[in-house]
Protein chains: 2
Amino acid sequence: MFDLAQLRCFVAVADELHFGRAAARLHMTQPPLSRQVQLLEHAVGTQLLERTSRSVRLTAAGSAFYDDAIAIIGLAERAADTARRTGSGHAGRVVVGYTAVAGYVLIPSLLAAAAKVFPDIDIVLQEMVSTAQLQGLEEASIDLGFVRPLHAVGGVRHHRVSREPLMLAVPAKHPLAARARIRMQDLAGEPLVMYSRSEGKYFHDKIVALFGATAAPPRYVHHIAQTHTILALVRAGIGCAIVPASGQHLRLENVVFRPLWRADAIADIDLCWREDSRNPAAATLRRFVVERWKPPAALRVR
Amino acid sequence: MFDLAQLRCFVAVADELHFGRAAARLHMTQPPLSRQVQLLEHAVGTQLLERTSRSVRLTAAGSAFYDDAIAIIGLAERAADTARRTGSGHAGRVVVGYTAVAGYVLIPSLLAAAAKVFPDIDIVLQEMVSTAQLQGLEEASIDLGFVRPLHAVGGVRHHRVSREPLMLAVPAKHPLAARARIRMQDLAGEPLVMYSRSEGKYFHDKIVALFGATAAPPRYVHHIAQTHTILALVRAGIGCAIVPASGQHLRLENVVFRPLWRADAIADIDLCWREDSRNPAAATLRRFVVERWKPPAALRVR
DNA sequence: TTTCCTTACGCCTATCGTAAGCATA
DNA sequence: TATGCTTACGATAGGCGTAAGGAAA
């Protein structure tokens, strides 16, 4: 089989239609160039050039082969470049997990910023609850995860990227909708649509803690994994719910959001990654988020 | 720069993830294979494989490069095949000239037959009058031409492919339209739309010859290059015309065709080609037409 | 201890350059 | 006769195989 050097020889001769000039361009003498082209023709199995002692021209086969030779050489050069860029983390594919609510504001902002700085990194988004993301990191099915802070498995590191208040979501006609700000005891005995203890563990535990000191807790109804499902139930009048402020971006009719009288009613999001990740592009993106990226003002960690 | 052999080495290792097995597959020993892959990594400028003394796996860069390596090797193999097929005349591009009337029946029939036998030959059609085709052959701007028999320039050979009668085209309301068969003297003094002496030389000379022995020739009106234009004038009632029978395929309303009482009122078409053509596909197609192809029955040379 | 990738080294093939051959304008 | 491609041939760089080295299970 021929090799790339022979293709370069052939292309030079085809461009110049003159062995002498082609040889000069390749920084070699004519005789070995002639020989390489002959070897190429033998390897390909057909004549590519028609020579007289005074002129050189392409045969039909040579003309067809010339186009392919150019394509092959170009592809080879681009392949090396792509590999270098991938190795250095300036190109590649990064699978990013995110929780549904984080997607409303955080992810679009991140994608826009990252695409501008690293146009050759493909970001593949995958919506998953936090616990699934941590498992995904462990299995290396995702490279980065935007998760609610949970006890992470070993080898997974994290960085706080977002902080926002928890708010009360109530049906518009509910008496509490009239209050400017809600105290925990206002919810005594109220039906409260609750997060699942397993899949929505972060919010579940946080809400239980908020009511921990209260003598009269609310009445928990349902246990649901995701915020948008919870808000759908609030909208249907099933009860109130305590959800992150980002839930407002869903713009559900007949659901109003009210702040809570509690300084610790906050929800954070961490960026998580495996310490031993073998994806340079993921490391680049992670460094970008940790060191240079500013989330939207409403979500900024103070 | 790396060469194709190194790409093959890398692909084998990437496939097997084992230098020993890869070396066996390449019919060589491990050490030179290791060395080739190292050289490739050095040439590309980044690590492609991650080795421990017990395992081999692709880096992100290696994974990206693998896809390109497969593409390059595949392209190289197909390029050699394409060149061989082009050289042998089984693939390529053939520019075929044809006169407009030949296009009605002859060309579609030829294209269908040729495409079946030589699927990798691209036939590019170019409608030109016969004289332009002969010039095109000389300049090598066309490979083959379907022309009316004319005195060809040197180095151009020909083969008769089609023969059809000349007929009289008359406006439907013209008295001659009622005749089953026309004698030349029936046209005495009639306005006859005529071919151009330069661009429609074959028909011009033929028609002049048909009337050569007649005491009362027709009255020639206009001198036009192409049959379809002539027939448009007949349809407009300008006069009659003597045209090849294929003109009937235009299906012009208010124009009827009548046979002539003359055995020598025939129009031929020749396939023409340069003897020294350097296009193997053209030679293949030419041999196909000359040796194997049968034109439609109405045009067959008896 | 075995497996398996790398390094070391000698042999040999293959490429390069110089020199000569040969065809054409 | 000059140009420009090919063939011939000796020197050398580079690839292959064998042998030895070294790390991990």
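See above for the structure.
Residues numbered from 1 in each chain as written. Chains lettered and ligands numbered in written order. Predicted model: local features only at pLDDT ≥ 70, side-chain atom pairs only at ≥ 80, totals over all residues. Heavy atoms only, no water.

Undergrad: Sorry, what's going on with the overall build of chain A here?
TA: Scanning chain A from terminus to terminus reveals 9 helices and 11 strands. In terms of overall size, chain A is more extended than a compact globule, its C-alpha atoms giving a radius of gyration of 31 Å where 302 residues would be expected to give roughly 19 Å. Principal-axis analysis of the C-alpha atoms places the extent of chain A at approximately 105 × 40 × 30 Å. Residues counted as buried form 47% of the 302 residues belonging to chain A. Excluding contacts between residues fewer than 6 apart, the proportion of contacts in chain A whose partners are at least 24 apart in sequence is 74%. Accessible surface, chain A: about 14400 Å² in total, of which carbon and sulfur atoms supply 51%. Taken together, the 36 basic and 27 acidic charged side chains of chain A have centroids lying 7 Å from each other. (Helix = DSSP H or I, 4+ residues; strand = E, 2+ residues; numbered from the N terminus. Rg over C-alpha atoms; globule rule 2.2 N^0.38 Å. Buried < 20%, exposed > 50% of the residue type's maximum accessible area, 1.4 Å probe, protein only. Contact = heavy atoms within 4.5 Å. Areas by Shrake-Rupley, 256 points an atom, 1.4 Å probe, with all protein chains shown as cover. Lys, Arg positive; Asp, Glu negative; His and termini not counted. Charge placed at Lys NZ, Arg CZ, Asp CG, Glu CD.)

Undergrad: Whenever I open this one, the protein's contact with DNA strand D confuses me. Can you help?
TA: Within the structure, DNA strand D sits among 19 residues, and A:Phe19, A:Ser34, A:Arg51, A:Arg54 and B:Ser53 are positioned closest to it. One of the side-chain nitrogen or oxygen atoms of A:Ser34 is found 2.3 Å away from a phosphate oxygen of DNA strand D. Residue B:Gln36 places a side-chain N or O atom 3.3 Å away from a phosphate oxygen belonging to DNA strand D. Of all the secondary structure elements, the ones that give two or more residues to the surface near DNA strand D are α2 (19-25) and α3 (30-44) of chain A together with α3 (30-44) of chain B. It is α3(B) that contributes the most residues to the surface near DNA strand D, 4 residues altogether. Looking at side-chain class alone, the surface near DNA strand D contains 7 nonpolar, 9 polar and 3 charged residues. (Near = heavy atom within 4 Å. Polar contact = N/O pair within 3.5 Å; in protein donor to acceptor, adjacent residues only side chain to side chain. Nonpolar A, V, L, I, M, F, W, Y, C, P; charged D, E, K, R; others polar.)

Undergrad: Teacher, can you tell me more about the pattern of salt bridges here?
TA: Once their charged atoms are close, side chains differing in charge can pair, the charge on each being opposite to the other. Residue and element names in this part refer to chain A. Considering all chains together, one arrives at 38 salt bridges over all chains under this definition. One salt bridge connects Asp268 with Arg163, and the closest N-O pair in it is separated by 2.8 Å. Taken as a pair, Asp268 in strand β11 (residues 266-274) and Arg163 in strand β6 (residues 156-171) lie far apart in primary sequence, 105 residues in all. Take Arg163: its relative accessible area is 24%, and that puts it in the partly exposed class. Of the charged contacts in the structure, one is a salt bridge between Asp205 and Lys201, with a shortest N-O distance of 3.1 Å. Of the two residues, Asp205 and Lys201 are both situated in helix α7 (residues 201-210); the distance of 4 residues between them amounts to about one turn of the helix. Looking at Asp205, the relative accessible area reads 33%, which means it is partly exposed. Each of the salt bridges in this network shares a partner with another, and the network as a whole consists of Asp15, Glu16, Arg21 and Arg25. (Salt bridge = Lys/Arg side-chain N within 4 Å of Asp/Glu carboxyl O.)

Undergrad: Got a minute to help me understand the relation of the copies chain B and chain A in this structure?
TA: Two copies of one chain are present, and they are related through a rotation about an axis combined with an axial shift. Superposing chain B onto chain A takes a rotation of 180° plus a shift of 0.0 Å along the axis, which leaves an RMSD of 0.1 Å. Between the two chains, the operation in question is that of a two-fold axis. In this assembly the copies share their binding face: 100% of the residues contributing to the interface of chain B also contribute to that of chain A. (Least-squares fit on C-alpha atoms with pLDDT ≥ 70 in both.)

Undergrad: Any chance you could explain unusual backbone geometry here in plain terms?
TA: Residue and element names in this part refer to chain A. A positive phi angle, near 65°, is found at His222, a position not held by glycine. The topology assignment puts His222 in strand β8 (residues 219-224). Its identity as a non-glycine residue notwithstanding, Arg251 has a phi of 50°, on the positive side.

Undergrad: Sorry if this is basic, but what is going on with the pairing of strand β5 (residues 144-147) of chain A here?
TA: Consecutive side chains along a regular strand alternate between the two faces of the sheet. Residue and element names in this part refer to chain A. Where burial is concerned, the two faces of β5 agree: the one with Leu144 and Phe146 and the one with Gly145 and Val147 are both buried. Direction of pairing for strand β3 (residues 92-98) relative to β5: parallel, over a ladder of 3 bridges. Bridge pairing in β5 places Val96 opposite Leu144. Relative to β11, β5 runs antiparallel, the two being bridged by 4 bridges. Across the sheet, Gly145 pairs through a bridge with Cys272, a residue of β11. (Pairing = 2+ DSSP bridges.)

Undergrad: In this structure, what is going on with the nonpolar core? I would like to understand it.
TA: Looking at soluble globular proteins, one finds that nonpolar side chains tend to be buried together. Of all hydrophobic cores here, the largest spans 59 residues; its most connected members are A:Phe2, A:Leu7, A:Phe65, B:Phe2, B:Leu7, B:Phe10 and B:Phe65. Residue assignment for this core shows that the elements contributing at least two residues are α1 (4-16), α2, α3 and α4 (60-88) of chain A together with α1 (4-16), α2 (19-25), α3 and α4 (60-88) of chain B. When residues in this core are grouped by element, the largest group, 11 residues, is from α4(B). In contact with A:Leu7, other than residues within four places in its own chain, are A:Phe2, A:Leu40, A:Phe65, A:Ala69, A:Ile72 and A:Ile73. (Core = buried A, V, L, I, M, F, W, Y, C linked by side-chain atoms within 4.5 Å.)

Undergrad: So what exactly am I meant to see when it comes to the protein's contact with DNA strand C here?
TA: By nearness alone, 19 residues border DNA strand C, and A:Thr29, A:Ser53, B:Ser34, B:Arg51 and B:Arg54 come closest of all. In DNA strand C, atoms within 4 Å of the protein come from the sugar-phosphate backbone in 71% of cases. At 3.3 Å from a phosphate oxygen of DNA strand C is found a main-chain nitrogen or oxygen belonging to B:Phe19. Broken down by secondary-structure element, the contributors of at least two residues to the surface near DNA strand C are α3 of chain A together with α2 and α3 of chain B. Per-element tally for the surface near DNA strand C: the top contributor is α3(A), with 4 residues.

Undergrad: Just to check I follow, could you spell out the interface of chain B and chain A for this structure?
TA: Facing 33 residues of chain B, the contacting portion of chain A comprises 33 residues. With both sides pooled, the region where chain B packs onto chain A buries about 2500 Å², and carbon together with sulfur makes up 70% of that total. Across the contact surface, chain B and chain A share 2 salt bridges. Between A:Arg278 and B:Glu50 there is a salt bridge whose closest N-O contact spans 3.4 Å. Between the two partners, chain B and chain A, sit 6 residue pairs in polar contact (both at pLDDT 80 or more). Among the elements of the structure, α1, α3, β2 (56-58) and α4 of chain B are those that each provide at least two residues to the side of chain B that touches chain A. (Buried area = accessible area lost by both parts, 1.4 Å probe.)

Undergrad: I keep staring at the packing of α1(B) against α3(B) and nothing clicks. Help me out?
TA: Packed helix pairs are characterised by how far apart their axes lie and by the angle those axes make with each other. Residue and element names in this part refer to chain B. Interhelical geometry of α1 versus α3 gives an angle of 110° and a closest axis separation of 9 Å. Judged by the inter-axis angle, α1 sits roughly perpendicular to α3. From α1, Gln6, Leu7, Cys9, Phe10 and Val13 reach across to α3, where they touch Leu33, Gln36, Val37, Leu39 and Leu40. Of the residues that constitute the contact of α1 with α3, the class distribution is 8 nonpolar, 2 polar and no charged. (Axes fitted to C-alpha atoms, helices over the stretch in contact; angles between N-to-C directions. Parallel < 35°, antiparallel > 145°, perpendicular 65-115°, else oblique.)

Undergrad: Where do I start with helix α6 (residues 130-139) of chain A in this structure?
TA: All names here are of chain A. Within α6, burial applies to Ser130, Gln133, Leu134, Gly136 and Leu137. Seen along its axis, α6 keeps its buried residues to an arc of 160°; they face one direction. On its buried face, α6 is in contact with β3, β5, β6 and β11. Looking one or two residues beyond α6, the residue adopting positive phi is Ala140, at roughly 65°. (Arc of directions from axis to C-beta.)

Undergrad: When you look at the side chain of B:Ser246 in this model, what are you seeing that I'm missing?
TA: Residues and elements named next belong to chain B. With respect to the element layout, Ser246 can be found in the loop between β9 (241-244) and β10 (255-259). The class of Ser246 is buried, set by a relative accessible area of 3%. When neighbours within four sequence positions are excluded, Ser246 is seen to be in contact with Val101, Tyr104, Glu164 and Leu299.

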